[in-house]
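Residue-level listing of the chains:
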Amino acid sequence: MLGADIELVDGRDGKLARLQAQLRWIDLAALSRIKPISLTRAARGADLAHTRTGIVTQSAIDVFVRLCGDPNPLHTDRDYALTAGLKGTVIPGAMLAALVAPALRVAHPGFDIATLSMRFLAPMVSAQGVKISVCEIGGDDGRRLRVFLSDGDDGVAAIGDVSAVA
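Residues numbered from 1 in each chain as written. Predicted model: local features only at pLDDT ≥ 70, side-chain atom pairs only at ≥ 80, totals over all residues. Heavy atoms only, no water.

So, the pairing of strand S7 (residues 144-150)
Reasoning step 1: Among the seven residues in S7, five count as buried, and that is most of the element.
Reasoning step 2: Here six bridges tie strand S6 (residues 131-136) to S7, and the two strands are oriented antiparallel to one another. Pairing of Cys135 across the sheet is with Arg146, part of S7.
Reasoning step 3: As paired elements, S7 and strand S8 (residues 155-164) share seven bridges and run antiparallel to each other. Within S8, the residue paired with Arg146 across the bridge is Asp161.
Reasoning step 4: The turn linking S7 back onto S8 is made up of four residues, and Asp154 within it adopts a positive phi angle of 60 degrees. (Buried < 20%, exposed > 50% of the residue type's maximum accessible area, 1.4 Å probe, protein only. Helix = DSSP H or I, 4+ residues; strand = E, 2+ residues; numbered from the N terminus. Pairing = 2+ DSSP bridges.)

Side note on the nonpolar core
Reasoning step 1: Judged by nonpolar contacts, the single largest core of 24 residues is most densely connected at Ile91, Leu104, Val130, Val147 and Leu149.
Reasoning step 2: Where this core is concerned, the elements lending two or more residues are helix H3 (58-68), helix H5 (93-98), helix H6 (100-107), S6, S7 and S8.
Reasoning step 3: Here the element with the most residues in this core is S8; it accounts for four residues.
Reasoning step 4: Among residues more than four places away in sequence, those in contact with Val147 are Val100, Leu104, Ile132, Ser133, Val134, Ala158, Ile159, Gly160 and Val162.
Reasoning step 5: If you look at the next biggest cluster of nonpolar residues, it comprises eight residues, including Leu39, Ala42, Ala43 and Val156. (Core = buried A, V, L, I, M, F, W, Y, C linked by side-chain atoms within 4.5 Å. Contact = heavy atoms within 4.5 Å.)

Notes on the environment of Arg66
Reasoning step 1: Position of Arg66 relative to the elements: it lies in helix H3.
Reasoning step 2: The exposure class of Arg66 is exposed, given its relative accessible area of 60%.
Reasoning step 3: Taking the C-alpha atoms as reference points, Arg66 and Thr76, separated by 10 residues in sequence, lie 9.9 Å from one another.

Some remarks on the pattern of salt bridges
Reasoning step 1: A full pass over the atoms with the stated rule returns two salt bridges.
Reasoning step 2: A salt bridge links Arg146 to Asp161; the shortest N-O distance between them is 2.6 Å. One end of the pair, Arg146, is in strand S7; the other, Asp161, is in strand S8, with 15 residues separating them in the sequence.
Reasoning step 3: One connected set of salt bridges, linked through shared partners, spans Arg119, Arg146 and Asp161. (Salt bridge = Lys/Arg side-chain N within 4 Å of Asp/Glu carboxyl O.)

What follows is the structure, given as structure tokens:
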């Protein structure tokens, strides 16, 4: 298990966010066998609001991993990713998590994130947009949301639980 603790500052309003992550190592040969689950199965009939990011380009990933100091070649070396049986380089999990806040501003204006807990189910490759689907969970107050990050084929690669600032 590998741990990370990162402080982030939102350039627009100066709010600080703390990202804490526990990462597990996965055998490279096993990585290509991990497949996303369908959005229909993951959402279990929930009423979803959808938004889509722009294309996550390799140059954006290169800048992100350089800023974070992530040396994993799966994010930057296409040939290495292809040898692992993937269709391209992998979008870093922290980068996927960073896409959640802007998506929530569209789906739920005024929702400010207090906590975000992500589960990564499968690798998501670069050079595609990310579909972010959102539903309310745990009550009628709209303070807790679940987000599903999926690829163009609605294969869910990550699920996040989000709570709002009180």
